[in-house]
Amino acid sequence: MLDLIADHFDWLSNPTAWVALLTLVVLEIVLGIDNLIFISILTNKLPPEQRAKARVLGIGAALVMRLVLLATISYIVKLTTPLFTLFDEPYSWRDIILITGGLFLVWKATREIHHTVDPETDKSEMIGRTVQLSLGAAIFQILLLDLVFSIDSIITAVGMTDEIAIMYIAVITAVVVMLLAVNPLSAFIEKNPTIVMLALGFLLMIGMTLIADGMGFHVPKGYIYTAMGFSALVEVLNMLARRRKSKVRSGGGH
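1. Comments concerning the overall build of the chain
(1) Moving on: Looking only at helices and strands, the chain has 10 helices and two strands in total.
(2) Moving on: Looking at the chain as a whole, 41% of its 254 residues are labelled buried.
(3) Moving on: Put simply, 80% of the contacts in the chain that link residues at least 6 apart link residues at least 24 apart.
(4) Moving on: For the chain, the exposed surface amounts to about 14200 Å²; the carbon and sulfur share of it is 70%.

In C-alpha coordinates form, the structure reads like this:
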(Lines give C-alpha, C1' and ligand atoms only; values in the text may rest on other atoms or scores of the structure.)
Protein backbone atom coordinates (compact mmCIF):
# COMPACT_ATOMS: atom_id res chain seq x y z
CA MET A 1 0.00 0.00 0.00
CA LEU A 2 2.81 2.41 0.97
CA ASP A 3 4.68 1.50 -2.21
CA LEU A 4 1.60 2.35 -4.26
CA ILE A 5 1.31 5.77 -2.58
CA ALA A 6 5.06 6.38 -2.97
CA ASP A 7 4.80 5.71 -6.70
CA HIS A 8 2.52 8.75 -7.03
CA PHE A 9 5.13 11.02 -5.40
CA ASP A 10 8.24 10.09 -7.40
CA TRP A 11 8.03 13.56 -8.97
CA LEU A 12 9.01 15.30 -5.67
CA SER A 13 12.69 15.18 -6.64
CA ASN A 14 11.99 16.50 -10.15
CA PRO A 15 12.30 20.33 -10.48
CA THR A 16 10.28 20.29 -13.72
CA ALA A 17 7.37 18.66 -11.88
CA TRP A 18 7.43 21.44 -9.25
CA VAL A 19 7.26 24.05 -12.02
CA ALA A 20 4.29 22.16 -13.49
CA LEU A 21 2.63 22.09 -10.06
CA LEU A 22 3.08 25.83 -9.51
CA THR A 23 1.85 26.63 -13.03
CA LEU A 24 -1.17 24.35 -12.64
CA VAL A 25 -2.08 25.82 -9.22
CA VAL A 26 -2.06 29.34 -10.73
CA LEU A 27 -4.09 28.16 -13.74
CA GLU A 28 -6.66 26.41 -11.53
CA ILE A 29 -7.04 29.51 -9.33
CA VAL A 30 -7.51 31.73 -12.40
CA LEU A 31 -10.04 29.28 -13.87
CA GLY A 32 -11.83 29.33 -10.50
CA ILE A 33 -12.43 33.10 -10.76
CA ASP A 34 -15.32 32.48 -13.18
CA ASN A 35 -16.95 30.08 -10.74
CA LEU A 36 -16.32 32.45 -7.81
CA ILE A 37 -17.99 35.44 -9.50
CA PHE A 38 -21.07 33.36 -10.32
CA ILE A 39 -21.34 31.99 -6.76
CA SER A 40 -20.89 35.48 -5.26
CA ILE A 41 -23.63 37.06 -7.38
CA LEU A 42 -26.03 34.17 -6.89
CA THR A 43 -25.63 33.82 -3.12
CA ASN A 44 -26.05 37.59 -2.59
CA LYS A 45 -29.68 37.11 -3.70
CA LEU A 46 -30.32 34.75 -0.77
CA PRO A 47 -31.48 35.86 2.70
CA PRO A 48 -28.38 37.01 4.68
CA GLU A 49 -28.53 34.08 7.11
CA GLN A 50 -28.31 31.54 4.23
CA ARG A 51 -25.50 33.11 2.19
CA ALA A 52 -22.45 31.69 4.00
CA LYS A 53 -24.01 28.20 4.04
CA ALA A 54 -24.76 28.34 0.30
CA ARG A 55 -21.19 29.48 -0.49
CA VAL A 56 -19.62 26.69 1.56
CA LEU A 57 -21.98 24.10 0.04
CA GLY A 58 -21.38 25.42 -3.48
CA ILE A 59 -17.59 25.46 -3.23
CA GLY A 60 -17.58 22.15 -1.29
CA ALA A 61 -19.60 20.63 -4.12
CA ALA A 62 -17.06 22.03 -6.61
CA LEU A 63 -14.25 20.29 -4.70
CA VAL A 64 -16.11 16.96 -4.49
CA MET A 65 -17.02 17.15 -8.17
CA ARG A 66 -13.44 17.83 -9.22
CA LEU A 67 -12.04 15.03 -7.04
CA VAL A 68 -14.61 12.58 -8.42
CA LEU A 69 -13.75 13.64 -11.97
CA LEU A 70 -10.04 13.17 -11.23
CA ALA A 71 -10.79 9.66 -9.93
CA THR A 72 -12.45 8.89 -13.28
CA ILE A 73 -9.78 10.66 -15.31
CA SER A 74 -9.58 7.96 -17.99
CA TYR A 75 -13.27 8.57 -18.70
CA ILE A 76 -12.88 12.37 -18.63
CA VAL A 77 -10.17 12.20 -21.31
CA LYS A 78 -12.64 10.34 -23.55
CA LEU A 79 -15.06 13.29 -23.31
CA THR A 80 -12.94 14.98 -25.98
CA THR A 81 -13.58 12.14 -28.46
CA PRO A 82 -15.82 13.41 -31.30
CA LEU A 83 -19.42 12.11 -31.21
CA PHE A 84 -20.73 13.66 -34.42
CA THR A 85 -19.84 16.23 -37.06
CA LEU A 86 -21.93 19.30 -37.89
CA PHE A 87 -20.95 21.68 -40.72
CA ASP A 88 -17.54 19.95 -40.91
CA GLU A 89 -16.93 20.65 -37.20
CA PRO A 90 -16.58 17.63 -34.84
CA TYR A 91 -18.43 17.82 -31.51
CA SER A 92 -17.60 15.87 -28.34
CA TRP A 93 -19.34 15.55 -24.97
CA ARG A 94 -17.02 18.27 -23.65
CA ASP A 95 -18.16 20.61 -26.43
CA ILE A 96 -21.83 19.91 -25.69
CA ILE A 97 -21.29 20.53 -21.95
CA LEU A 98 -19.42 23.79 -22.63
CA ILE A 99 -22.10 25.05 -25.03
CA THR A 100 -24.90 24.15 -22.59
CA GLY A 101 -23.08 25.82 -19.69
CA GLY A 102 -22.32 28.88 -21.81
CA LEU A 103 -25.97 29.25 -22.84
CA PHE A 104 -27.03 28.94 -19.18
CA LEU A 105 -24.53 31.64 -18.16
CA VAL A 106 -25.68 34.00 -20.93
CA TRP A 107 -29.34 33.45 -19.96
CA LYS A 108 -28.61 33.90 -16.24
CA ALA A 109 -26.47 37.02 -16.69
CA THR A 110 -29.00 38.60 -19.09
CA ARG A 111 -31.83 37.92 -16.64
CA GLU A 112 -29.86 39.39 -13.73
CA ILE A 113 -28.90 42.48 -15.77
CA HIS A 114 -32.59 42.99 -16.63
CA HIS A 115 -33.54 42.66 -12.96
CA THR A 116 -30.78 45.09 -11.92
CA VAL A 117 -31.72 47.70 -14.54
CA ASP A 118 -35.49 47.41 -14.06
CA PRO A 119 -36.32 45.60 -10.80
CA GLU A 120 -39.95 46.76 -10.78
CA THR A 121 -40.70 45.03 -14.10
CA ASP A 122 -39.07 41.86 -12.84
CA LYS A 123 -41.23 41.91 -9.72
CA SER A 124 -44.43 42.44 -11.69
CA GLU A 125 -43.62 39.37 -13.79
CA MET A 126 -43.23 37.22 -10.68
CA ILE A 127 -46.63 37.72 -9.03
CA GLY A 128 -47.41 34.81 -6.75
CA ARG A 129 -43.76 33.74 -6.58
CA THR A 130 -41.09 34.73 -4.10
CA VAL A 131 -38.74 37.38 -5.47
CA GLN A 132 -35.85 36.19 -3.34
CA LEU A 133 -33.95 33.15 -4.56
CA SER A 134 -34.41 29.97 -2.52
CA LEU A 135 -31.43 28.07 -1.08
CA GLY A 136 -32.31 24.93 -3.06
CA ALA A 137 -32.51 26.85 -6.35
CA ALA A 138 -29.18 28.58 -5.65
CA ILE A 139 -27.41 25.29 -4.85
CA PHE A 140 -28.86 23.65 -7.99
CA GLN A 141 -27.62 26.47 -10.24
CA ILE A 142 -24.20 26.47 -8.54
CA LEU A 143 -23.93 22.68 -9.03
CA LEU A 144 -24.83 23.05 -12.71
CA LEU A 145 -22.06 25.57 -13.30
CA ASP A 146 -19.68 23.64 -11.02
CA LEU A 147 -19.98 20.72 -13.44
CA VAL A 148 -19.11 22.87 -16.46
CA PHE A 149 -16.17 24.62 -14.79
CA SER A 150 -14.95 21.38 -13.18
CA ILE A 151 -14.74 19.52 -16.49
CA ASP A 152 -12.85 22.45 -18.06
CA SER A 153 -10.56 22.54 -15.01
CA ILE A 154 -9.77 18.81 -15.08
CA ILE A 155 -9.16 18.73 -18.84
CA THR A 156 -6.74 21.67 -18.36
CA ALA A 157 -4.98 19.68 -15.60
CA VAL A 158 -4.69 16.62 -17.85
CA GLY A 159 -3.15 18.77 -20.57
CA MET A 160 -0.54 20.16 -18.14
CA THR A 161 0.82 17.03 -16.45
CA ASP A 162 0.61 13.22 -16.30
CA GLU A 163 1.12 13.11 -12.51
CA ILE A 164 -2.21 12.45 -10.78
CA ALA A 165 -0.85 13.69 -7.41
CA ILE A 166 0.03 17.08 -8.94
CA MET A 167 -3.51 17.35 -10.31
CA TYR A 168 -5.03 16.58 -6.89
CA ILE A 169 -2.79 19.10 -5.08
CA ALA A 170 -3.49 21.85 -7.64
CA VAL A 171 -7.27 21.30 -7.59
CA ILE A 172 -7.49 21.17 -3.78
CA THR A 173 -5.30 24.30 -3.43
CA ALA A 174 -7.44 26.23 -5.94
CA VAL A 175 -10.68 25.28 -4.18
CA VAL A 176 -9.25 26.26 -0.76
CA VAL A 177 -8.32 29.67 -2.22
CA MET A 178 -11.88 29.98 -3.59
CA LEU A 179 -13.27 29.13 -0.14
CA LEU A 180 -11.13 31.84 1.49
CA ALA A 181 -11.92 34.44 -1.17
CA VAL A 182 -15.68 33.95 -1.67
CA ASN A 183 -16.93 35.84 1.42
CA PRO A 184 -14.73 38.96 0.93
CA LEU A 185 -15.58 39.00 -2.79
CA SER A 186 -19.32 38.63 -2.11
CA ALA A 187 -19.21 41.41 0.51
CA PHE A 188 -17.32 43.69 -1.89
CA ILE A 189 -19.84 43.05 -4.69
CA GLU A 190 -22.76 43.68 -2.32
CA LYS A 191 -21.34 46.99 -1.03
CA ASN A 192 -20.57 48.29 -4.53
CA PRO A 193 -23.67 48.06 -6.77
CA THR A 194 -21.77 49.07 -9.92
CA ILE A 195 -19.49 46.05 -9.41
CA VAL A 196 -22.56 43.80 -9.80
CA MET A 197 -23.12 45.06 -13.36
CA LEU A 198 -19.42 44.63 -14.15
CA ALA A 199 -19.46 41.08 -12.76
CA LEU A 200 -22.57 40.26 -14.78
CA GLY A 201 -20.79 41.59 -17.87
CA PHE A 202 -17.92 39.21 -17.04
CA LEU A 203 -20.39 36.31 -16.82
CA LEU A 204 -21.81 37.23 -20.24
CA MET A 205 -18.31 37.27 -21.71
CA ILE A 206 -17.41 33.97 -20.02
CA GLY A 207 -20.66 32.40 -21.28
CA MET A 208 -19.97 33.49 -24.86
CA THR A 209 -16.38 32.20 -24.55
CA LEU A 210 -17.65 28.79 -23.40
CA ILE A 211 -20.07 28.64 -26.34
CA ALA A 212 -17.32 29.66 -28.80
CA ASP A 213 -14.92 27.10 -27.32
CA GLY A 214 -17.56 24.37 -27.56
CA MET A 215 -18.15 25.28 -31.23
CA GLY A 216 -14.46 25.04 -32.08
CA PHE A 217 -13.53 28.74 -31.91
CA HIS A 218 -10.83 28.80 -29.23
CA VAL A 219 -10.39 32.20 -27.55
CA PRO A 220 -7.10 32.39 -25.60
CA LYS A 221 -7.85 32.74 -21.87
CA GLY A 222 -5.19 35.45 -21.61
CA TYR A 223 -7.30 37.79 -23.75
CA ILE A 224 -10.37 37.18 -21.60
CA TYR A 225 -8.63 37.78 -18.27
CA THR A 226 -6.74 40.82 -19.61
CA ALA A 227 -10.06 42.36 -20.66
CA MET A 228 -11.57 41.54 -17.26
CA GLY A 229 -8.55 42.99 -15.45
CA PHE A 230 -8.64 46.21 -17.50
CA SER A 231 -12.39 46.62 -16.91
CA ALA A 232 -11.91 46.03 -13.17
CA LEU A 233 -9.11 48.64 -13.09
CA VAL A 234 -11.33 51.23 -14.81
CA GLU A 235 -14.13 50.50 -12.32
CA VAL A 236 -11.71 50.90 -9.37
CA LEU A 237 -10.69 54.32 -10.75
CA ASN A 238 -14.38 55.25 -11.08
CA MET A 239 -15.00 54.20 -7.47
CA LEU A 240 -12.06 56.29 -6.25
CA ALA A 241 -13.32 59.28 -8.25
CA ARG A 242 -16.83 58.92 -6.79
CA ARG A 243 -15.45 58.71 -3.24
CA ARG A 244 -13.32 61.81 -3.80
CA LYS A 245 -16.31 63.78 -5.11
CA SER A 246 -18.40 62.59 -2.17
CA LYS A 247 -15.76 63.80 0.30
CA VAL A 248 -15.50 67.17 -1.46
CA ARG A 249 -19.29 67.61 -1.33
CA SER A 250 -19.53 66.61 2.33
CA GLY A 251 -16.67 68.97 3.15
CA GLY A 252 -18.34 71.78 1.23
CA GLY A 253 -21.56 71.23 3.15
CA HIS A 254 -19.83 72.32 6.35
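2. Regarding the pattern of salt bridges
(1) Moving on: Here the structure, examined in full by the defined rule, presents three salt bridges.
(2) Moving on: Between Asp95 and Arg94 there is a salt bridge, with the nearest N and O atoms lying 3.9 Å from each other.
(3) Moving on: Judged by its relative accessible area of 12%, Asp95 falls in the buried class.
(4) Moving on: Given a relative accessible area of 14%, Arg94 falls into the buried group.
(5) Moving on: A salt bridge links Asp213 to Arg94; the shortest N-O distance between them is 3.4 Å.

3. Let's talk about a nonpolar patch on the surface
(1) Moving on: Residues Leu83, Phe84, Leu86, Phe87 and Trp93 make up a contiguous nonpolar surface patch of roughly 580 Å² in combined accessible area.
(2) Moving on: With three residues, strand E1 (residues 82–86) is the single largest residue contributor to the nonpolar patch.
(3) Moving on: Residue placement: Leu86 occurs in strand E1.

4. With respect to the packing of helix H8 (residues 164–191) against helix H9 (residues 193–214)
(1) Moving on: Contact geometry of H8 with H9 gives a least axis separation of 5 Å together with a crossing angle of 115°. As the angle between them shows, H8 and H9 are arranged roughly perpendicular. Across the interface between the two elements, Phe188, Ile189 and Lys191 from H8 touch Pro193, Ile195 and Val196 from H9.
(2) Moving on: Here the contact of H8 with H9 is composed, by residue class, of five nonpolar, no polar and one charged.

5. Comments concerning the packing of aromatic side chains
(1) Moving on: Per the stated rule, a full pass over the model turns up three aromatic pairs.
(2) Moving on: For the pair Phe104 and Trp107, a centre-to-centre distance of 5.9 Å together with 40° between the ring planes defines the contact as tilted. Of this pair, Phe104 and Trp107 both sit in helix H5 (residues 93–117), three residues apart, which is roughly one turn of the helix.
(3) Moving on: We classify Phe104 as buried; its relative accessible area is 14%.
(4) Moving on: Taken together through their ring pairs, the aromatic side chains of Phe38, Phe104 and Trp107 make up a single cluster.

6. Details of the environment of Glu112
(1) Moving on: Relative to the helices and strands, Glu112 resides in helix H5.
(2) Moving on: On a C-alpha basis, the gap between Glu112 and Met197 in space is 8.8 Å, while along the polypeptide they are 85 residues apart.

7. Description of the pairing of E1
(1) Moving on: Pairing between E1 and strand E2 (residues 89–92): four bridges, direction antiparallel. Bridge pairing in E2 links Phe84 to Tyr91.
(2) Moving on: Counting the residues that bridge the hairpin from E1 to E2 gives two residues, and of these Phe87 lies at a positive phi of roughly 55°.

8. Observations concerning the confidence of the model for the chain
(1) Moving on: Residues at a pLDDT of 70 or more form 83% of the chain, whose mean pLDDT is 77.
(2) Moving on: Looking across the chain, the model is least confident in helix H1 (residues 2–7), with a mean pLDDT of 48, and most confident in E2, with 86.
(3) Moving on: Below a pLDDT of 50 lies the segment residues 1–5, which in the model reaches zero contacts outside its immediate sequence neighbourhood of four places, other chains included.
(4) Moving on: Across residues 122–131 the pLDDT falls below 50, and counting only partners more than four positions away or on other chains, this stretch makes seven contacts in the model.

Definitions and limits used
- Residues numbered from 1 in each chain as written.
- Predicted model: local features only at pLDDT ≥ 70, side-chain atom pairs only at ≥ 80, totals over all residues.
- Heavy atoms only, no water.
- Helix = DSSP H or I, 4+ residues; strand = E, 2+ residues; numbered from the N terminus.
- Buried < 20%, exposed > 50% of the residue type's maximum accessible area, 1.4 Å probe, protein only.
- Contact = heavy atoms within 4.5 Å.
- Areas by Shrake-Rupley, 256 points an atom, 1.4 Å probe, with all protein chains shown as cover.
- Salt bridge = Lys/Arg side-chain N within 4 Å of Asp/Glu carboxyl O.
- Patch = residues over 30% accessible without salt bridge, like charges linked within 9 Å, V, L, I, M, F, W, Y side chains within 5 Å.
- Axes fitted to C-alpha atoms, helices over the stretch in contact; angles between N-to-C directions.
- Parallel < 35°, antiparallel > 145°, perpendicular 65-115°, else oblique.
- Nonpolar A, V, L, I, M, F, W, Y, C, P; charged D, E, K, R; others polar.
- Phe/Tyr/Trp six-rings, centres within 6.5 Å; stacked < 30°, edge-to-face > 60°.
- Pairing = 2+ DSSP bridges.
- pLDDT = per-residue confidence, 0-100.

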